[in-house]
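This is what each chain is made of:
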Amino acid sequence: MYLLRMLVTPLLALVLVFEEWGWEPLARALQRLSRLSVLAWIEKCIVRLPPWAALLVLGVPALGLLPIKVLALYLLGNGHVWLSLAILMGAKVAGTAIVARLFQLTQPALMRFGWFARWYPRWKSWKDGVLAKVRQSLVWRAVRRVKAGVKRTARRWWATVRRKKS
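These lines cover the structure that appears in this document, whether it is placed above or below. Because the structure is predicted, anything quoted here is derived from the model rather than measured.

**Remarks on the pattern of salt bridges**
Applying the stated criterion to the full structure yields 2 salt bridges. Here Arg101 makes a salt bridge to Glu43, at a shortest N to O gap of 2.7 Å. In this pair, Arg101 is assigned in helix H4 (residues 81-110) and Glu43 in helix H2 (residues 37-47), connecting sequence segments 58 residues apart. Here the two residues Arg101 and Glu43 agree in accessibility, since each one is buried. The shortest N-O distance in the salt bridge between Asp128 and Lys124 comes to 3.4 Å. Here Asp128 and its partner Lys124 are both found in helix H5 (residues 114-136), 4 residues apart, which amounts to about one turn of the helix. Relative accessible area serves as the criterion here: at 34%, Asp128 is assigned to the partly exposed category. Under the relative-accessibility criterion, Lys124 is labelled partly exposed at 32%.

Put into structure tokens, the structure is as follows:
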């Protein structure tokens, strides 16, 4: 069991880091879209769902993205590597955004399932522990410094571009 955990944890940590990076910002972006009356109405309907329907709604994006992922694999098999990667990345980002927002909307209903209410806090605690270890790593801190430098450079460049236009 220990060996399995040692092999799986680093892979899962990579997935968690991506999800953590995108989960909140992408959910906020979709939340801003809910200002549109049709989406606001859909969200209100989702919030009122019973637990079994909330679980179903949360699972729909995974099934909806399956044909897109199969298409990407088909393209990869036919030599369209970059197009395949672009489709897979787009599907991952869109899927994360949709699932993150749907989870925010359905979590109260899902917590009415005994098994979910029992396991979700354990999962969250474990996930937070893994992410805390990742954030303490030298690699994570180095990437954060590089990211901050890129942001500063981009802001300076954008300010220069705007001044030239004025």
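On we go from here.
**Remarks on the side chain of Glu43**
Residue Glu43 is classed as buried on the basis of its relative accessible area of 14%. With residues near it in sequence (within four places) discarded, Glu43 still touches Leu30, Ser34, Arg101 and Leu105.

**Things to note about the packing of H2 against H4**
Contact pair H2 / H4: the axes reach a minimum separation of 8 Å and the direction vectors enclose 45°. Accordingly, the angle class assigned to the pair H2 and H4 is oblique. Like other packed secondary-structure pairs, H2 and H4 cross with a definite hand, here right-handed. When H2 is examined against H4, the residues Glu43, Ile46 and Val47 are found in contact with a partner set consisting of Arg101, Leu102, Leu105 and Thr106. Classifying every residue of the contact of H2 with H4 by side-chain character gives 4 nonpolar, 1 polar and 2 charged.

**Some details on the packing of aromatic side chains**
Applying the stated criterion to the full structure yields 7 aromatic pairs. Taking 5.8 Å as the distance between ring centres and 80° as the angle between the ring planes, the aromatic pair formed by Trp115 and Phe116 counts as edge-to-face. Classification of Trp115 as partly exposed rests on a relative accessible area of 42%. Taking relative accessible area as the criterion, Phe116 reaches 11% and is therefore assigned buried. Aromatic pair Trp157 and Trp158: ring centres 6.1 Å apart, planes at 45°, arrangement tilted. One aromatic cluster is present, built from ring pairs that chain together Phe103, Phe113, Trp115, Phe116 and Tyr120. The ring centre of Trp119 lies 4.6 Å from the NZ or CZ of Arg122, which sits over that ring.

**Observations regarding the packing of helix H3 (residues 51-77) against H4**
At a closest axis distance of 9 Å, the pairing of H3 and H4 adopts a crossing angle of 180°. What the angle tells us is that H3 and H4 run roughly antiparallel. Residues belonging to the contact of H3 with H4 are distributed by class as follows: 24 nonpolar, 3 polar and 1 charged.

**Re a nonpolar patch on the surface**
Together, Leu33, Leu36, Val38, Leu39, Trp41 and Ile42 line one region of the surface with nonpolar side chains, adding up to about 570 Å² of accessible area. Here the nonpolar patch takes 4 residues from H2, the largest share from any one element. Here Leu39 is to be found in helix H2. The partly exposed category is assigned to Leu39, whose relative accessible area is 32%.

Conventions and cut-offs
Residues numbered from 1 in each chain as written. Predicted model: local features only at pLDDT ≥ 70, side-chain atom pairs only at ≥ 80, totals over all residues. Heavy atoms only, no water. Salt bridge = Lys/Arg side-chain N within 4 Å of Asp/Glu carboxyl O. Helix = DSSP H or I, 4+ residues; strand = E, 2+ residues; numbered from the N terminus. Buried < 20%, exposed > 50% of the residue type's maximum accessible area, 1.4 Å probe, protein only. Contact = heavy atoms within 4.5 Å. Axes fitted to C-alpha atoms, helices over the stretch in contact; angles between N-to-C directions. Parallel < 35°, antiparallel > 145°, perpendicular 65-115°, else oblique. Left-handed = near helix turned anticlockwise from the far one by under 90°. Nonpolar A, V, L, I, M, F, W, Y, C, P; charged D, E, K, R; others polar. Phe/Tyr/Trp six-rings, centres within 6.5 Å; stacked < 30°, edge-to-face > 60°. Lys NZ or Arg CZ within 6 Å of the ring centre and 35° of its normal. Patch = residues over 30% accessible without salt bridge, like charges linked within 9 Å, V, L, I, M, F, W, Y side chains within 5 Å. Areas by Shrake-Rupley, 256 points an atom, 1.4 Å probe, with all protein chains shown as cover.

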